[in-house]
Amino acid sequence: MICLLGGVVALSACGGSSGSAETTVAAGDCLADGTCDPDGGLDPLVGDEDPAEAVEGETPDDGLRIFTADPAVPDEYDGLPVGFTADGLPFIGDEEAPITLIEYSDYQCPFCARHLRETTPQLLAEYGEPGEVRFVFSDFPLEGLQPGAPAGHAAAVCVAEQGAAFFWAYHDSLFYNQQQWASAPDSASFLLRIAEGVGADTDAFQACVSSGRADEIVGQRMASGVAAGFGSTPSFQLTRAATDDVFSLIGAQPLARFREFIDALIAGEDPPTDPEPAAAELPFWASPEGLTPDPDRPGFTAAGDPYQGDPNAPLTVIEFSDFQCPACRQHALETQPSIDQTFVDPGAVLWVFKNFPLQMHPQAPAAAVAGECAAEQGRFFDMHHLLFETQ
């Protein structure tokens, strides 16, 4: 038996599959358990689309693109009505729209940013402006994958205290400047700079952040998303008001997929379901031939991957990992030793390691190369442990 662990099951969001039967998994999900697939290495931020084209943004000397709200029109953003649901979640679009789309999102998830840039503007134009869909945002920061995300979500909640229009300007600015945020030496100063740029009262903003009340709200919303069966970002819940029917979409889906779902719901029909995928053949590295020991390289499979344990073990686990991934480090240092002691060392499990450096971790490819170089001297797992210990 062969088990695959890592970002190879979901192929288009930052997350695992939800427990909902009405779920579509796409490529590019960020996972709540800390795994993520880079969608073939594509840059999720490529493109010229602005998150809110009609909102005048400024590009100050620090290179940030900041979107602003008009204080004279507090209940409108980008020409659309904005406000808060009964649960306090920010929305954009007609409050009485027949369809509500709730997005569970993470401000540091690259696929959420891609959705904002490539898909959201068109959805707002086609369904928000005619009043057919109300778009709601719910915080779902994946701290295991994006350690700085919860602070950004709390900051956005604090900006929202000053009005829905300010929230959406802050929301767009965080996503649009995602890469600058990731490289900022001081995340708190960056978040304050964005709040100042959108026009929020910075004293009130800082008082809210310091109070910790926004952190509690973010935690509650995260728990609500988990209770709804979600484990990845972006995830979407669509509700038809007339019947209270609820459907889910997972991942940075293409525009056409959203159209299929929304058009069906508007027409009073159920959205289309995905056909059962055809069974895929195992690649060489996961085949019995590829997993046999290489006679010329002790400790390596015929496919060239390092392994630990008995090659004749009844169970093979293939781990996909990234030396700069925080969740991978946690697994390597806290969980793997117990697995080795209980299953690998007694010969019950063959454990195979495959490098899977993600684009969001700039030093990961070099670390993977270092591991391969150590492997040439028969010291791969020594280097593996050292890289994670010193991450």
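Look up a bit, the structure's there.
What you see is a predicted model, and the numbers here were worked out from it, not measured in a lab.

A. Seen up close, the packing of aromatic side chains. This model, assessed by the stated rule, comprises 16 aromatic pairs. Here Phe323 and Phe388 contribute two aromatic rings whose centre-to-centre distance is 5.0 Å and whose plane-to-plane angle is 50°, an arrangement assigned as tilted. In this pair, Phe323 sits in the loop between strand 15 (315-321) and helix 11 (326-344) while Phe388 sits in helix 13 (residues 380-389), placing the two residues 65 residues apart along the sequence. The same class applies to Phe323 and to Phe388, which are both buried. Taken together through their ring pairs, the aromatic side chains of Tyr107, Phe137, Phe167, Trp168 and Phe175 make up a single cluster. The ring of Phe91 is capped by Arg134, whose NZ or CZ atom sits 5.5 Å from the centre of that ring. Sitting above the plane of the Phe300 ring, Arg297 keeps its charged end 3.9 Å from the centroid.

B. How the structure looks around the pairing of strand 16 (residues 349-355). Burial analysis of strand 16 places 6 of its 7 residues in the buried class, the great majority of the element. Two elements, strand 14 (residues 307-308) and strand 16, share 2 bridges in a ladder whose sense is antiparallel. Note that in strand 16 the partner of Tyr307 across the bridge is Val352. Alignment of strand 15 against strand 16, held across 7 bridges, turns out to be parallel. Across the sheet, the residue bridging to Phe320 is Lys354, located in strand 16. Following the chain from strand 15 across helix 11 to the adjacent parallel strand 16, one finds a crossover that is right-handed.

C. Fine view of helix 11. Here helix 11 spans only 23 Å end to end across 19 residues, well under the 27 Å set by a 1.5 Å rise per residue. The principal kink in helix 11, of about 50°, is found at Thr335, preceding the proline Pro337 by one to four residues. Considered for burial, the residues of helix 11 that qualify are Ala327, Cys328, Ala332, Gln336, Ile339, Asp340 and Val344. Residues of helix 11 that are buried sit in contact with strand 14, strand 15, strand 16 and helix 13.

Thresholds applied
Residues numbered from 1 in each chain as written. Predicted model: local features only at pLDDT ≥ 70, side-chain atom pairs only at ≥ 80, totals over all residues. Heavy atoms only, no water. Phe/Tyr/Trp six-rings, centres within 6.5 Å; stacked < 30°, edge-to-face > 60°. Helix = DSSP H or I, 4+ residues; strand = E, 2+ residues; numbered from the N terminus. Buried < 20%, exposed > 50% of the residue type's maximum accessible area, 1.4 Å probe, protein only. Lys NZ or Arg CZ within 6 Å of the ring centre and 35° of its normal. Pairing = 2+ DSSP bridges. Right-handed = clockwise from strand over helix to strand, strands pointing away. Expected span 1.5 Å × (residues − 1). Bend = angle between axes of the 7 residues up to and from the residue. Contact = heavy atoms within 4.5 Å.

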